[in-house]
Structures are given as structure tokens and as C-alpha cells.
Amino acid sequence: MLQQWLRGLHGGLNHDFCPGMNRYVYWLKRPIGWVVLAFAMSLLLGIYVSHQAFLASGAIAAIGVLGCAWPWLSTLALRGEIHWGPNRCEEGDAIESTLTIVNRWPFPVWGLVVDVDSDLSSSAATQPLNISLSKIPALSRTSFRWHAAPKSRGVYPRRTPRLSTAFPFGIWSCHQPLEVRDPLIVWPRMTRLTDVPPNQGDRQLGIGGTTDRAGSDGDWIGVRPFRPGDRLRHVHWAQTARRDQLIVFEHQSLSKQTISIALDTNAAQAATPEQVDCMVRILASMATHFLAHAWEVRIALDGAWRPLLPHQKHAWLDELAQWQPSQDGLPSLSRRSASSMNRSSHASGWSMNITAQPALSMSSRQSIEAVDRVDWTWCVGEDTSRAHGEPIGRGFSMLSVSESLDATLPNVWRQVCAMTPTDSIRCAS
Amino acid sequence: MATSLRYDAYRQHSVRIMKQSGWGVFALALLASLSVFLLRLQASTDRIWLIAESLVVVVLCAWVRWRWILRADQGDATATARLRGWTMGIGVALILAPWLSRWVQTQWFGNMGEATELVWLAMLQMAALWQATVATTSRQDWLSFLMSCFLVIFGLATSDRAGMVQLVLPFAVFAAWWLMSRYWDSIEEGFIASESVPLVRVRLLVLMVLAGLGGLVVAIASRNAGQITSLSGFMPTSGGQSRGESWARQGIGDGDMLVAAKDEAYTFGPVDSELFMDSEVPSMYDLVSEIYGDPVPRQRQYARAISLENQVDEAKEEGSESKKNSREFSAHRRPKQGDTSFRPKGSDSKAVLYFVGNAPLHLRLESFDRFEEGSWLQSDSLDLSRRAGEPVLQELHLKPWMVLQVFPSELIYPVRERIATKIIQFQSPRLLSPSSISHVHIDRVDQPDFFGWTRDGQLMMPNRAHVPQLTVVHQLYAIPQLHPLRRNDHPMRHLAHQSSAHTLPSDWIAKYTQPPMTAADVRAVAQGWIANAGVADPEAATDWQRVEAIVRHLRATFEHDPSAVPPDDANDVIEHVMQQQRGPDYLIATTAVAMIRSLGIPCRLARGFMVSPDRYDRRAGQTAVLPEDIHTWAEVYAHGVWIPIEPTGTYPEPREHRTWQHWAIETGWAIRDAIRNHPGTAAAIAVCLMLSVYFRQRIAELLLGGVFLATCLMPLPWRILATIQLLRWRMWVWGESLAPRTTIQEWLSTQLSLRSLAPDHDHGVFIRAVQRMRYAPSSRRHRIDEDELHSLQRVCRSVCWSTLLRPLSLARPRL
């Protein structure tokens with residue numbers, strides 16, 4: 001009964017009876033509002049009741065003036081600049097942030113707060129907290145360093161960082177914008193994968209993986225008689241001595257295989273931000289993995305195919321860091337990407353699709369299969385019951401946003417690669 | 001680069017105390033409750049009941065807060081719920097307590113109880129106190145704080161008790177402190193470490209601040225020198241206060257110690273002393289005769305004539321009156337033998353007058369324009385009183401002041417100085433004044449016709465035989481600024497041919513430029529002096545620079561000797577002085593006038609008193625002017641202003657106002673001339689300076705070593721501390737910084753290996769001894785074992801000697 005009565009009292013006391021008036025009286029919720037109100041009331045008391053109240057007016061005015069003038073003066077001569085050690089990192093990487101503040105006052109400034117994005121003020125191990133500076137000595141250049149671990153990709157800071165102080169009384173806060181030397185670009189988290197599918201490439205290129213075709217790179221796969229033009233360092237001297245003719249090693253040759261990775265933009269539009277981030281992470285992980293193994297990688301963002309070049313890694317990762325699904329209506333993105341993939345893919349290339357809608361993925365997969373093949377589809381779902389981090393069918397894997405890709409993706413990928421090339425790659429066709 | 005790593009843990013700790021203990025808002029609520037308690041106490045009929053009730057409530061709240069709130073286990077949900085129930089119940093009981101208390105008093109004890117509004121206020125007080133008692137969150141703290149503020153303001157407005165006013169101050173201070181701690185608590189979790197590099201070296205900053213303060217003091221002192229010296233009303237004995245002060249020098253309460261004319265006349269109140277009743281007051285003529293001696297009788301060349309008795313008598317009378325009226329001054333005198341100090345008859349005081357203001361100062365009484373047959377005369381044809389305007393009455397600071405004359409702004413510093421003369425024993429209608437007097441004031445004299453001008457341009461009181469004794473004459477005078485006269489490109493560079501509306505007529509100027517009759521070729525001599533005076537280009541020099549060259553030469557080479565007068569039969573005193581290069585001040589001044597006039601520059605002889613700062617009486621704040629201070633000097637006429645010059649070397653030169661720009665320019669030119677005239681010395685000084693700068697660290701280290709040699713006489717613990725200090729200063733001298741987080745062992749190991757010649761074993765002993773002195777308990781801090789004694793002495797000695805010897809080595813004394 002008492003609890004109910006108290007609950008009712010609490011509700012009555014906290015009910016907003018005049019929401020329309022809030023814009024005019026919200027300043028009263030701030031400490032400076034209380035100071036102004038108390039000053040006005042004490043002034044009225046002094047005028048109409050007793051002159052002794054002027055004493056309180058004086059004390060309140062002194063606190064108010066000091067509490068407003070001190071922060072204003074303190075921030076007046078402060079100039080700050082913020083920069084990061086390397087200005088590119090992956091999600092979750094600890095990065096050293098350095099704030100340099102120049103105080104040109106001949107007196108120290110105390111009690112400052114650095115107002116930055118919460119991702120830039122917290123490390124992986126700690127909760128977000130305000131970064132505070134206890135003291136800036138007089139006429140000095142002071143550097144503050146802390147480690148931050150931004151948890152999501154993007155370009156930081158997302159809003160202008162500020163240096164603020166309400167010292168000494170906390171009743172009025174003054175700000176000073178901080179300069180940013182170079183923005184911090186946080187790439188999507190790229191999971192380190194170890195396995196690589198067998199190289200079925202038939203393109204003889206100067207760079208790439210090795211195949212067992214005869215060539216002059218990689219390991220030796222056999223011996224043969226010397227032909228004019230062979231290098232003497234390839235001579236197999238033991239066999240030459242045994243056969244009494246020049247025998248040389250037969251080496252592997254280099255070849256390059258193509259993989260096309262499409263990000264289902266249509267699904268990304270309807271997905272949650274966490275799912276989108278996860279899709280981008282898978283795309284970045286796969287792309288970097290295949291590039292590291294000298295595959296020719298092409299990706300499709302917003303329906304347009306483009307090749308990824310190893311020496312342009314920063315450029316396309318910067319783009320992935322900022323990519324957001326377009327809100328423009330695109331016609332049947334899965335079909336569109338598939339058709340474009342069909343037009344541009346090579347006969348020997350692999351193709352992957354990354355989506356966030358299992359149902360759509362299955363249907364689109366069938367439609368895609370009708371026009372072309374998709375070797376593997378990654379689906380990022382929120383439903384943890386269906387996401388085991390394992391391939392749920394040939395050519396299809398379900399991943400969950402609630403689980404770390406670093407833990408699940410390598411296992412799934414290992415299983416994919418363990419399948420025979422015919423089984424794994426041609427299962428969908 | 002000196003860096004310092006700091007983390008202000010101590011400050012956080014000190015500010016955190018109140019938050020951690022959680023008593024801050026409770027203490028504020030207690031103060032607020034006290035204000036309500038004072039209100040209730042004022043109107044209470046049963047004070048003991050009220051005091052007991054308040055004490056019970058306070059003790060209960062404090063106990064609950066300490067036992068239940070601050071020490072409660074927040075993790076236990078059941079305990080927390082039970083606690084919430086209890087606090088709610090006790091809170092309701094406390095809020096109702098004042099009402100219940102009144103009901104008990106009225107029903108059971110028959111008292112009247114408290115007024116209803118006081119009961120309501122007391123209920124609010126209980127609510128605020130209980131809110132502070134159970135406050136654990138930030139919002140509850142703020143709510144309690146606001147309620148406390150309301151109670152205090154309400155109590156202050158409705159009570160007229162003095163205790164209420166005295167309560168506001170600690171409450172305001174404590175509330176401000178609480179606000180500060182709140183803010184600090186909110187940010188202290190995010191404090192991060194910092195590295196700081198000073199933008200300005202501390203030493204440089206200190207020097208700049210000191211230089212700034214010094215400049216400020218100099219600027220203030222130069223503009224308000226009078227106020228600085230007197231500090232009227234600031235020091236207790238400076239007077240001007242409403243209370244009586246025995247030692248006061250001025251103001252309402254003075255006079256106890258300054259008894260009128262007891263020993264010397266310090267005050268000017270009604271005086272009945274016999275000192276002032278039957279004393280003989282000397283005139284200027286008497287003083288000149290006493291100090292300078294009697295004039296040598298002139299051998300007049302009388303023409304053959306018939307003696308008529310009446311005419312001879314008239315001529316004698318005229319001559320005597322002329323001398324006594326200061327219209328003639330013989331430069332050919334015979335000094336008195338023996339004690340020349342003047343003793344006024346009938347008085348113990350020697351003072352002619354007292355002077356208040358900045359000394360030294362030339363106080364002029366009369367001037368002479370014509371030099372004939374060894375005597376200075378005032379020409380009848382020159383009547384400067386006609387040129388001077390009539391005094392105009394002007395009220396300044398509610399006092400009647402007379403504006404006397406206005407000077408050209410180029411030659412006069414606009415800020416005037418104030419002086420006062422208090423005539424004690426002197427008889428003359430003329431007023432003693434500086435050359436450039438602009439205002440005069442005598443208390444309660446508001447008629448301009450009280451003042452007039454003599455024919456030689458001296459301020460006087462007409463129609464009076466003399467200025468009454470004990471008259472205090474206040475004056476404002478301007479200080480000349482002579483920089484324009486030294487500039488070649490300034491229109492005032494010519495003094496010989498002055499013509500403007502403000503200057504004297506040309507025929508009058510011609511009389512002031514008429515050189516005295518003398519056999520010496522003073523013009524050639526003057527030009528020779530100018531050429532040898534270090535003036536860069538004598539032809540391009542301005543007239544004033546020529547005057548300065550002559551004055552400089554006279555001051556440097558002519559010796560002031562009051563007894564070195566020409567023999568009685570000498571006809572040309574100027575030639576005599578130039579040959580002897582010595583003489584009394586009036587002869588040196590005469591020579592200066594002759595030489596300056598020979599260049600065509602208007603000049604005249606002035607006579608009066610020289611106020612000497614040596615006679616300044618600090619207690620009385622005034623300077624006595626004695627008969628011995630009678631002095632003769634010269635004045636140069638420059639564009640409407642008579643500028644005093646001092647050719648006698650033993651007297652200080654007249655003041656001149658110089659701005660810092662003038663000073664810098666003139667100093668620069670003086671340095672340039674000195675370098676030109678003494679190139680060898682200048683080069684040697686420059687080389688020494690450069691070497692000193694280059695070897696500044698070694699020189700400083702040598703000086704340090706010399707100072708620290710004295711530590712050899714100290715006890716060993718002191719020597720160890722001094723050695724550490726010496727090592728620190730040597731680091732400072734060489735600009736070495738101390739790395740952050742360096743331990744004393746690391747620092748000493750490095751320093752001793754660099755700066756001590758003692759073996760490593762001794763270094764280890766020294767480091768251990770230092771660590772013991774720093775960190776050991778006080779009982780063991782200064783204990784030195786026998787086996788350590790020699791090692792410690794060796795290290796101290798070695799550091800000290802290396803400070804002296806390392807700088808002398810050719811190698812750079814640091815690694």
C-alpha cells in the first residue's frame with residue numbers, strides 16, 4: 001500500500017504537465033539557472049523583506065560571477081590540437097591519441113574535460129569515460145596521451161572535439177574547439193584467415209600463386225633433359241652425372257585466379273547497423289586475404305564492380321571505412337549484382353555474395369543460379385539460434401552479429417577450404 | 001628540454017575527502033538547520049526544549065548517516081529495501097516532529113509552543129536535514145543543497161540577529177567549496193597523465209616580471225614622487241587620520257611632538273615663543289655679506305668737481321639702498337676670516353626657511369643682467385614685470401591658487417611638481433621660487449593683487465616690506481624638458497636669435513647677450529672648450545649643446561673654493577678666475593655667464609638658495625634651508641623660459657625631465673662618443689663581455705666553488721647537504737635537465753661519476769648516506785659511522801674542488 005502510494009507520489013511529482021513550456025524553463029535545470037533564480041529571489045527578499053538578504057545576494061552573485069568568469073577566462077588563452085599516432089587503424093585496435101594544449105596565460109588552468117566521441121575516449125578494456133585534464137601549467141605546452149580503441153569503423157572525430165571547463169563550481173561550462181591535425185580513419189576489422197582454396201587459375205601471369213604446370217617458379221616438380229635456354233643453375237647435377245646428359249629441374253609456374261565479392265546492397269539497406277558492419281568486415285577480410293595470396297579480387301559495392309589492387313589498399317579500405325548503404329532505391333540489387341557479375345566475371349573465377357537476409361539470399365541465390373553461379377554466400381543474421389558459425393549448406397554460411405568474427409569466420413573458412421574444389425565451388429551450379 | 005611528469009594525486013585526494021566521507025552536503029544542511037534554529041530560538045518560549053529537540057535530531061541524523069547510509073552494503077538488495085523502509089519511516093517522523101513537539105508542549109506542559117509559520121519552517125528544516133542524511137545519489141545531494149540554500153536565505157531575510165549574518169559567510173564559503181568538490185569529483189575519474197614543456201623559461205619569466213614591476217615602480221615614482229615620499233595617510237605616523245597620533249607629521253592629529261618652535265620651527269600655529277618675538281630677521285643683503293663676505297670697495301674715478309655736501313650724501317644713500325634692495329651685487333668680495341657660519345641673533349635655529357618638496361632645487365630670489373666694473377646690476381631699462389601677466393585666481397582642490405605664467409609646451413613637462421616654502425628667518429618682499437613657477441597659493445589669500453613681479457621677473461608681495469614670517473607659500477612649478485634644444489632639426493635649436501610673440505623683445509635680449517668687459521678672450525676659450533667637449537660636430541651643435549659643453553667644462557675643471565677670491569687690486573675678476581680655475585660660486589657663475597654671452601646666447605646671473613637633500617628631516621618631512629645654502633648660478637633664456645644652469649661642480653645640476661626615449665637616445669649617443677673617444681678600452685670591454693658570455697658556465701661554476709669553499713667549516717651532515725645543493729646548481733648552470741622519475745641514487749651516481757674525483761667506493765658510501773638522511777627515521781638520519789667518515793669527507797672535498805678546478809681545464813667540463 002505504502003509502496004503504491006509512494007509510486008503514485010513519484011509519478012505525480014515527475015509528471016510533465018506542461019511539455020510546451022519546457023523550452024522556456026529548461027535552463028532552470030542547469031546550475032546556472034539555480035544561481036540566477038536564487039540571486040533574483042534573494043534580491044527581492046532584500047528589497048521587500050529585509051536588507052540582510054542583500055548579503056546573500058552578494059554571495060550568490062560572487063559565486064555566479066566567479067563561476068562564469070573563471071571558465072571563460074581559462075578557455076580564452078587555450079589552444080589545443082589532437083592527433084593520433086598512426087591515423088589509420090582497424091576496429092578494436094588500441095591507438096595512441098595525443099592532445100597538445102598550449103596555455104598562454106601566466107597562471108595555470110585546472111579542471112578541463114575533453115569532449116570527444118565516446119569511441120575515442122575508451123579503450124577496449126574500459127568503459128567510455130570523460131577524459132579530464134587536472135591542470136595545464138602556466139605558459140606551457142602540455143601533452144596528454146591515452147589509448148583509445150574505436151569499436152566501429154568510420155572517420156573520427158565525428159563531431160568537433162572540444163575542450164571544456166566549468167571549474168571551479170561547475171555551474172557554467174565554456175568550450176574551446178580543438179584542432180584535428182589528421183582525421184582518424186578506422187577500417188573494418190579484418191579477420192586473419194589462414195586457409196586458401198586450391199589455385200585453379202589458368203592465367204599465366206608474372207605474379208600470383210604457383211601451379212604444377214611447368215614453369216620457372218616455385219618448387220620443382222620433376223626433371224627433364226636440358227633444352228637450349230635453360231639456366232645452368234637449374235641443372236640437376238646428380239641426374240646429369242647418372243644419365244651422362246644434361247638434366248634440369250622442372251619448376252612450377254605462376255598463375256592468378258580471380259574472385260568476385262559482392263555485397264548485397266539491397267539487404268544492407270534493410271539491415272541493422274551492426275549487420276552492415278559485419279558484412280563490411282567479411283568483405284574486407286576476404287578481400288585482403290585473397291589479395292595476400294595474389295588473387296585478382298573484384299568487389300561490388302552499390303552494384304558496381306571494381307578491381308582491388310594491392311597497392312591501393314589504403315584507398316579502398318578508407319572507402320570501406322566510410323561506406324554506408326545507399327538509401328536510393330536500387331532495382332533488385334541481388335539480381336543486378338549477379339547480372340553484372342555475370343557480365344564481368346571470368347570463366348575460372350570464384351564469386352561470393354555477402355548478404356543479411358537469409359530468405360532473400362536463398363531466393364536470390366536461385367535466381368542468381370539461373371543466370372550465373374555464386375560459389376559461396378555469406379549471410380549475416382541477428383538470429384543466433386540459426387547462426388552456428390558453420391556452413392549450413394553447400395555454398396551458404398550463416399554468421400551471427402552477436403559473435404565475434406575473429407572467432408567464427410576462420411573456422412567456417414577452414415571448412416570451406418577443406419572441401420574439394422569440385423564439391424565446394426561447383427555445388428551451387 | 002625540461003619536462004615534468006605530474007599527476008596531481010594529492011590534490012585529488014584532498015578534494016575527494018569530502019565526497020568520499022559524504023559529509024559535505026550534510027554539513028551544509030547542518031548550517032542551514034542552525035539558521036532555522038536561530039530563528040526558532042528567537043521566538044521560542046521554552047529554549048531548553050528547543051535545544052534538546054534540535055540536539056536529538058542532529059545526533060540521530062549523524063548517527064543514521066554514519067552507521068546506516070555510508071557503511072551500508074549496497075550490494076545486498078534485501079538490506080537495501082529494508083533500509084529504504086526505515087529511512088522513509090524515520091523521515092516522515094522527523095518531518096512531523098516539530099508539529100508533534102508543539103502539540104506535546106501545548107497539551108502536556110501548558111506552553112504556548114511556536115508560531116505556525118515557524119513550525120512549517122522547522123518541518124522544512126527537518127526535511128532538508130533528513131534529505132542530506134539519506135542522500136546517496138547526485139540528485140539527492142543537489143536537492144539537499146538547494147533546500148539548505150533556501151533555508152539560509154529565508155533565515156537571513158527574516159531575522160535581524162547578528163549571528164545570522166555571521167552564519168552566511170561560512171555557509172557561502174562551504175557551499176562554494178562543496179560546488180568545487182562536486183565538479184572535481186565529476187571529472188577526476190578521467191584524469192590522464194601529462195607532460196609539460198614551459199613556453200617561457202621560469203628564470204626569464206621571473207626577470208620579466210621583476211623588470212615590469214621595477215618599471216612600474218619607476219614610472220609611478222617619477223610621476224608621483226611627492227606622494228611616494230610622503231605616503232600621506234598610509235603610514236601611521238604620516239598623519240591625516242582622524243585619530244590623535246603623537247608622532248604624526250601632518251593631519252589632524254599632529255602637533256604633540258612638533259611643539260611650536262621648541263627647538264626648531266616645524267609648525268606654524270600661534271606661537272608665543274620669545275624666539276619669534278625679539279629676534280632680528282636677516283635680509284638677503286645680510287646673508288650675502290655674512291656668507292660671501294663684504295664687497296671690496298671700488299676705486300671710483302671721480303672727475304674733478306666742486307663738492308656739494310647734499311649731493312654726496314644722496315649718492316651714498318642711493319648706493320646703500322641699491323645694495324640693500326638687491327639691485328647690485330659685487331662679484332669682487334673679501335671673504336670673512338674664521339667661522340663663516342651664520343648665527344642669527346636671538347635664535348637657536350639656523351634655518352632661514354623650511355622647504356617641502358623634492359630636493360635638490362634652485363630657489364631663486366633675484367637676478368642680475370648687467371656686469372660692470374666687477375659688480376652685477378639690474379638695469380632700469382629692463383622691466384620684466386611688464387612682460388609678466390597679472391596673477392589670475394583659480395580654485396584648485398577648493399583652495400585659491402594664483403596662475404602666474406604659462407610656458408611653451410615644447411620645453412616644459414606638463415606634469416607640475418608642488419613645493420612649499422616656510423619662511424622662518426628671512427626678510428624680503430620677494431618670494432623664493434624656482435625659475436619656472438606657474439602657480440602660487442597662500443592659505444586664505446584669494447586676492448590676486450597680493451602678488452606681483454619685480455623688475456627682474458621675481459615673484460613678490462607688493463606693498464609690503466617683507467613677506468611675513470611663518471608664511472607657508474605653496475607653489476607649482478614646471479620641470480624643463482630640454483630634448484628639443486638638443487635636436488639639430490628642431491626649430492628651437494637657436495637660442496641666440498629668438499623671436500616670437502612669447503619671447504622678450506630683441507633689444508632686451510641684446511642686453512642679456514652683452515658680454516661683460518673683460519680682458520680675457522672668453523669667446524675663443526668657449527669655442528675651444530666646445531671643440532674639446534666631445535661634441536661630434538661643433539659646427540652642427542645646437543646653442544644649448546654649446547651651453548652644456550661650457551657648463552660641463554666648468555664643472556669638471558673649475559674648483560669651487562670660496563676663499564679663492566681675486567686680490568683687492570684686481571680689476572678683472574673673470575680673467576682671474578679663468579687663470580686660477582678656481583673660485584667661489586658667484587665668480588664661476590659670472591665666468592659662465594660671460595662665456596655664454598660671448599656666444600650670443602642670452603644669459604643672466606641668479607642668486608638664491610640651494611635646497612640640499614642632505615638636510616632633509618625624515619620625521620618632519622621637510623628640508624631645512626640654512627644661510628650657508630645661499631648660492632649663485634646662471635640662467636639661460638630659451639624661448640620664454642629661464643632655464644637654470646649650474647656651472648659650479650660641487651652643486652647638483654638642476655633637474656631636467658627626460659622621457660625614457662630621450663634617455664635612451666642620449667645614452668646611445670653618449671656610448672657612441674665614448675667608443676669613439678676610447679676605442680681601445682671599448683674593444684677590451686667588448687672582448688671581456690664576449691668571453692664572459694662564452695665562458696659563462698665556467699665563470700658561474702668558479703663562483704659557486706668559491707662560495708661553497710666556506711662549507712668546509714660546517715659539520716659533516718651540513719656539508720653533505722651543501723654538496724648535493726652544489727651538484728644541483730652545477731646542473732642548473734650547465735642547463736642539464738633531470739629526467740622524470742629519476743631516483744636519487746641514479747642521479748647521484750651519474751653526477752658523482754661526472755663531477756667527483758673520489759673513488760667509486762666513496763661514491764657508494766655517499767649515496768647511502770644521502771638516502772639515509774632523506775628516508776631513514778629521524779633517530780638514524782644523521783648518524784654517521786666511523787668507517788664512512790673519511791669517504792664522505794673525500795666526496796665532499798672532491799666535489800668542491802672539482803667545481804673550482806674543472807672550469808680551468810681546457811676540456812669541456814661536462815660529458
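What counts as what
- Residues numbered from 1 in each chain as written.
- Chains lettered and ligands numbered in written order.
- Predicted model: local features only at pLDDT ≥ 70, side-chain atom pairs only at ≥ 80, totals over all residues.
- Heavy atoms only, no water.
- Helix = DSSP H or I, 4+ residues; strand = E, 2+ residues; numbered from the N terminus.
- Buried < 20%, exposed > 50% of the residue type's maximum accessible area, 1.4 Å probe, protein only.
- Contact = heavy atoms within 4.5 Å.
- Areas by Shrake-Rupley, 256 points an atom, 1.4 Å probe, with all protein chains shown as cover.
- Polar contact = N/O pair within 3.5 Å; in protein donor to acceptor, adjacent residues only side chain to side chain.
- Buried area = accessible area lost by both parts, 1.4 Å probe.
- Salt bridge = Lys/Arg side-chain N within 4 Å of Asp/Glu carboxyl O.
- Pairing = 2+ DSSP bridges.
- Expected span 1.5 Å × (residues − 1).
- pLDDT = per-residue confidence, 0-100.
- Patch = residues over 30% accessible without salt bridge, like charges linked within 9 Å, V, L, I, M, F, W, Y side chains within 5 Å.
- Phe/Tyr/Trp six-rings, centres within 6.5 Å; stacked < 30°, edge-to-face > 60°.
- Lys NZ or Arg CZ within 6 Å of the ring centre and 35° of its normal.
- Axes fitted to C-alpha atoms, helices over the stretch in contact; angles between N-to-C directions.
- Parallel < 35°, antiparallel > 145°, perpendicular 65-115°, else oblique.
- Left-handed = near helix turned anticlockwise from the far one by under 90°.
- Nonpolar A, V, L, I, M, F, W, Y, C, P; charged D, E, K, R; others polar.

Trainee: Any chance you could explain the overall build of chain A here in plain terms?
Mentor: Within chain A, the regular secondary structure consists of twelve helices and 20 strands. With 429 residues in all, chain A has 48% of them scored as buried. Counted over contacts in chain A with a minimum sequence separation of 6, partners at least 24 positions apart contribute 71%. Of the roughly 21000 Å² of accessible surface on chain A, a fraction of 56% belongs to carbon and sulfur atoms.

Trainee: What is the right way to read the overall build of chain B from this model?
Mentor: Scanning chain B for helices and strands turns up 25 helices and 23 strands. Here chain B holds 815 residues, and 45% of them are scored as buried. Here the contacts in chain B between residues at least 6 apart in sequence split such that 75% fall between residues at least 24 apart. A total accessible area of about 43100 Å² is found for chain B, and carbon and sulfur atoms account for 58% of it.

Trainee: Looking at this structure, I do not really get the side chain of B:S379. What am I missing?
Mentor: Residues and elements named next belong to chain B. Checked against the element boundaries, S379 lands in the loop between β9 (375–377) and α12 (384–387). At 2.4 Å, the side chain of S379 and the side chain of D369 are in polar contact. Within polar-contact distance, the side chain of S379 engages the side chain of R370 at 3.1 Å. Among all residues touching S379, those that are not within four sequence positions of it are D369 and R370.

Trainee: Any chance you could explain the interface of chain B and chain A here in plain terms?
Mentor: At the junction of the two partners, chain B supplies 33 residues and chain A supplies 42 residues. In this assembly, chain B packs against chain A so that about 3200 Å² is buried in total across both faces, 71% of it on carbon and sulfur atoms. Together, B:Y183, B:I192 and B:L199 form the three largest contributors to the area buried by chain B at its contact with chain A, with a combined 20%. For the interface between chain B and chain A, the tally reads one salt bridge. Connecting chain B to chain A are eight residue pairs in polar contact (both at pLDDT 80 or more). Counting only elements with at least two residues in the side of chain B that touches chain A, the list comes to α6 (138–158), α7 (162–188) and β2 (194–198) of chain B. When strand β6 (residues 140–148) of chain A meets β2(B), the two strands line up antiparallel, connected through five bridges. Bridge pairing in β2(B) places A:S140 opposite B:P198.

Trainee: Honestly, helix α16 (residues 543–557) of chain B in this entry has me stumped. Any pointers?
Mentor: Structurally, the α-helix is built with 3.6 residues per turn, so residues lying three or four positions apart point the same way. Residue and element names in this part refer to chain B. Here α16 is 15 residues long and its end C-alpha atoms lie 21 Å apart, about the 21 Å a rise of 1.5 Å per residue gives. Within α16, burial applies to D543, W544, R546, V547, E548, A549, I550, V551 and L554. Tucked into the core, α16 has its buried residues touching α13 (483–486), α15 (522–532), α18 (585–598), β22 (630–638) and β23 (641–645).

Trainee: Please explain the confidence of the model for chain B as it appears in this structure.
Mentor: Close inspection of predicted coordinates is inappropriate in any region flagged by low pLDDT. All names here are of chain B. Chain-level pLDDT for chain B is 79 on average; 81% of the residues reach the 70-or-more range. The model gives residues 1–21 a pLDDT under 50, and that stretch makes 49 contacts with residues more than four places away or in other chains. Note that pLDDT drops below 50 for residues 228–233; the model gives that stretch ten contacts with residues more than four away or on any other chain. Taken over the whole predicted complex, pTM reads 0.49, whereas the ipTM for its chain interfaces reads 0.74.

Trainee: Just checking my understanding: could you explain a nonpolar patch on the surface for this structure?
Mentor: Residue and element names in this part refer to chain A. Together, L37, M41, L44, I47, Y48, V49 and F54 make up an exposed nonpolar region whose accessible area comes to about 710 Å². It is helix α3 (residues 31–48) that contributes the most residues to the nonpolar patch, five residues altogether. Mapped onto the fold, Y48 is located in helix α3. Residue classification places Y48 among the exposed residues on the basis of a relative accessible area of 67%.

Trainee: Help me out: how do you make sense of unusual backbone geometry in this one?
Mentor: Most peptide bonds take the trans form, and the phi angle of most residues other than glycine is negative. In this model, A:Y156 is joined to A:P157 through a cis peptide bond whose omega is -5°. Here A:P157 lies in the loop between β7 (154–156) and β8 (162–165). The peptide bond linking B:A359 to B:P360 adopts the cis configuration, its omega dihedral lying at 0°. Of note in this structure, B:N463 is not a glycine but carries a positive phi near 65°. When you line up the elements, B:N463 lands in the loop between β15 (459–460) and β16 (472–477). The class of B:N463 is exposed, set by a relative accessible area of 82%.

Trainee: In this structure, what is going on with the packing of aromatic side chains? I would like to understand it.
Mentor: Each pair of aromatic rings is reported with the distance of its centres and the angle of its planes. One pass over the full model with this rule turns up 29 aromatic pairs over all chains. Plain terms: the ring middles of B:F371 and B:W376 are 4.9 Å apart, the flat faces sit at 50° to each other, and that makes the pair tilted. Taken as a pair, B:F371 and B:W376 share a single burial class, namely buried. Taken together, the ring pairs connect A:W70, A:W110, A:F167, B:Y183, B:W184 and B:F191 into an aromatic cluster. Residue placement shows B:R604 over the ring face of B:W642; its charged tip is 3.9 Å from the ring centre.

Trainee: Would you explain the pattern of salt bridges in this entry?
Mentor: Oppositely charged side chains can form a pair if their charged atoms are brought close together. Inspection of the entire model under this criterion finds 38 salt bridges over all chains. For B:R364, the salt bridge is made with B:E635, and the minimal N-O distance between the two is 2.9 Å. In this pair, B:R364 sits in strand β7 (residues 361–368) while B:E635 sits in strand β22, placing the two residues 271 residues apart along the sequence. Across the pair B:D762 and B:R794 runs a salt bridge, and its minimum N-O distance is 2.6 Å. On the criterion of sequence distance, the pair formed by B:D762 in helix α24 (residues 760–775) and B:R794 in helix α25 (residues 786–805) is long-range, its members being 32 residues apart. Each member of the salt-bridge network shares a partner with another, and the members are A:D115, A:D117, A:R159 and A:R162.

Trainee: What's the story with the packing of α6(B) against α7(B) in this structure? I'm lost.
Mentor: Residue and element names in this part refer to chain B. Put simply, α6 and α7 touch, their axes get as near as 11 Å, and they point 160° apart. Relative to α7, the element α6 lies roughly antiparallel. For α6 against α7, the interelement crossing comes out left-handed. In contact with S138, D141, W142, F145, S148, C149, V152, G155 and L156 of α6, α7 contributes M164, V165, V168, F171, A175, W178, L179 and R182. Its residues assigned to classes, the contact of α6 with α7 comprises twelve nonpolar, three polar and two charged.

Trainee: Looking at this structure, how should I read the packing of helix α4 (residues 53–76) of chain A against α7(B)?
Mentor: Each pair of packed helices can be summarised by the angle the axes make with each other and by the distance between the axes. One can describe the packing of α4(A) onto α7(B) by two numbers: an axis separation of 10 Å at closest approach and a directional angle of 20°. With respect to α7(B), the element α4(A) is oriented roughly parallel. As α4(A) packs across α7(B), the resulting crossing turns out to be right-handed. Contact residues: A:L55, A:A59 and A:I63 in α4(A); B:V165, B:V168, B:A172, B:A176 and B:L179 in α7(B). Taken together, the residues that form the contact of α4(A) with α7(B) break down as eight nonpolar, no polar and no charged.

Trainee: Looking at this structure, how should I read the sheet that holds β7(A)?
Mentor: Within a beta sheet, neighbouring strands are joined by backbone hydrogen bonds and run either parallel or antiparallel to one another. All names here are of chain A. Pairing in this open sheet of three strands is mixed, and the strands run β2-β11-β7 from one edge to the other. Where the open sheet ends on each side, the last strands, each with one partner, are β2 (88–90) and β7. On average, each strand axis in the sheet is inclined to that of its neighbour by 25°, with strand direction left out of account. Looking at chain direction, β2 and strand β11 (residues 184–187) are connected through three bridges and run parallel.

Trainee: I keep staring at the pairing of β23(B) and nothing clicks. Help me out?
Mentor: Side chains on a regular strand alternate between the two faces of the sheet. Residue and element names in this part refer to chain B. For β23, a buried count of five out of five residues is recorded, marking the element as mostly surrounded by other parts of the structure. The side-chain alternation of β23 yields two buried faces, one formed by V641, I643 and I645 and the other by W642 and P644. With five bridges joining them, β22 and β23 adopt antiparallel strand pairing. Within β23, the position partnered with A638 by the bridge is V641. A loop of two residues connects β22 with β23, the two strands running antiparallel in sequence, and H639 in this loop sits at a positive phi of about 50°.

Trainee: I keep staring at the sheet that holds β8(A) and nothing clicks. Help me out?
Mentor: Spatial strand order, β5-β4-β8-β9 (chain A): four strands in an open sheet with antiparallel pairing. Each edge of the open sheet is held by one strand with a lone partner, namely β5 (131–136) and β9 (174–177) of chain A. On average, adjacent strands in this sheet sit at an angle of 30° to one another, irrespective of strand direction. Two strands pair when backbone bridges link them, and strand β4 (residues 109–115) of chain A and β8(A) are joined in this way by four bridges, in the antiparallel orientation. Paired with A:V114 across the two strands is A:L163, which belongs to β8(A). α4(A) contacts β4, β8 and β9 of chain A of the sheet and is inclined by roughly 15° relative to β9(A). On the sheet, α7(B) packs against β4, β5 and β8 of chain A and is oriented at approximately 45° with respect to β4(A).

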